[in-house]
Amino acid sequence: QSLAVLGLPCVMPESLSLADEPEVQDLIALLDALASRGHDLSLARALKSPLFACSDDDLLLLSQRARRLRQPWFDVLAALPVDEGSAALARARRLLAGWARCVDELTPHELLDRIVHEGDLTARVLAATAPPRRAVVLQLLHGLLQAALELDGGRFVSTYRFVRALKQGRLKAAPQVPAGAVQLLTVHGAKGLEADVVHLVDVWP
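Residues numbered from 1 in each chain as written. Predicted model: local features only at pLDDT ≥ 70, side-chain atom pairs only at ≥ 80, totals over all residues. Heavy atoms only, no water.

A. Structural context of the layout of surface pockets. Considering only enclosed or pocket space, the largest pocket measures out at about 580 Å³ in volume. Lining the largest pocket are 18 residues; nearest its centre among them are Gln183, Leu184, Leu185, Val198 and His199. Residue classes in the lining of the largest pocket are distributed as 14 nonpolar, 3 polar and 1 charged. Taken as a whole, the second largest pocket spans an internal volume of roughly 320 Å³. Taken together, 17 residues form the lining of the second largest pocket, with Gln1, Ala4, Cys10, Pro132 and Arg133 sitting closest to its centre. Looking at the lining of the second largest pocket, the elements that each hand over two or more residues are α1 (2–5), β1 (10–11) and α9 (134–150). The element contributing the most residues to the lining of the second largest pocket is α1, with 3 residues. Taken together, the residues of the lining of the second largest pocket break down into 13 nonpolar, 3 polar and 1 charged. (1 Å grid on protein atoms, 1.4 Å probe; cavity = no way out; pocket = protein on both sides within 12 Å on 5 of 7 lines; lining within 4 Å. Points joined across faces, edges and corners; volume = space filled by probe spheres on them. Nonpolar A, V, L, I, M, F, W, Y, C, P; charged D, E, K, R; others polar. Helix = DSSP H or I, 4+ residues; strand = E, 2+ residues; numbered from the N terminus.)

B. Fine view of the pattern of salt bridges. Per the counting criterion, the structure on display carries 5 salt bridges. Where Asp32 meets Lys167, a salt bridge forms, and the shortest distance between an N and an O atom there is 3.2 Å. Residue Asp32 is found in helix α2 (residues 22–35), and its partner Lys167 is found in helix α10 (residues 159–167); the two are separated by 135 residues along the sequence. Between Lys48 and Asp56 there is a salt bridge, with the nearest N and O atoms lying 2.8 Å from each other. Asp56 sits in the exposed class, given a relative accessible area of 56%. (Salt bridge = Lys/Arg side-chain N within 4 Å of Asp/Glu carboxyl O. Buried < 20%, exposed > 50% of the residue type's maximum accessible area, 1.4 Å probe, protein only.)

Pasting the structure below:
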């Protein structure tokens, strides 16, 4: 954050476990809700994420109706009348309905690609992210798409299996280092590093 305030580009080039990052956890929740529509908690997290930005009142509406009808939140949302709920909830209902129709036909990469473009995902997530973290978030989103493309060649894996691989922590974001950026590394990660200048920070007892 201090480097960003000074206008110095910086990056953490060590591989990031995708499942440990909150922005990816939001997308895992969305994919989980699409693959297993009885997972109400996953849908709740996805609706609260920057992709949809639904309010607590929206979630309360779905919760109360789901309890009364004894139905999953996904089904309640799909059947919600147009004149009920907020504009954010209406947008979520429309987008989720479209993605749900094709979740079994598309590869995880194809599904994520649709989510990114149809949901305006990158712009919405970056708008909700503090400037110093935006480069990391872009790396994470790119890493998630790359992981979906590479897992089993991107063709022989279901969304459900992709979600399981993410939750197990097997997928990581490949490091991307812009030219001239300060690289922030652990001592272990810096072994063998070739650079004109190396600073060892906070290493004294």
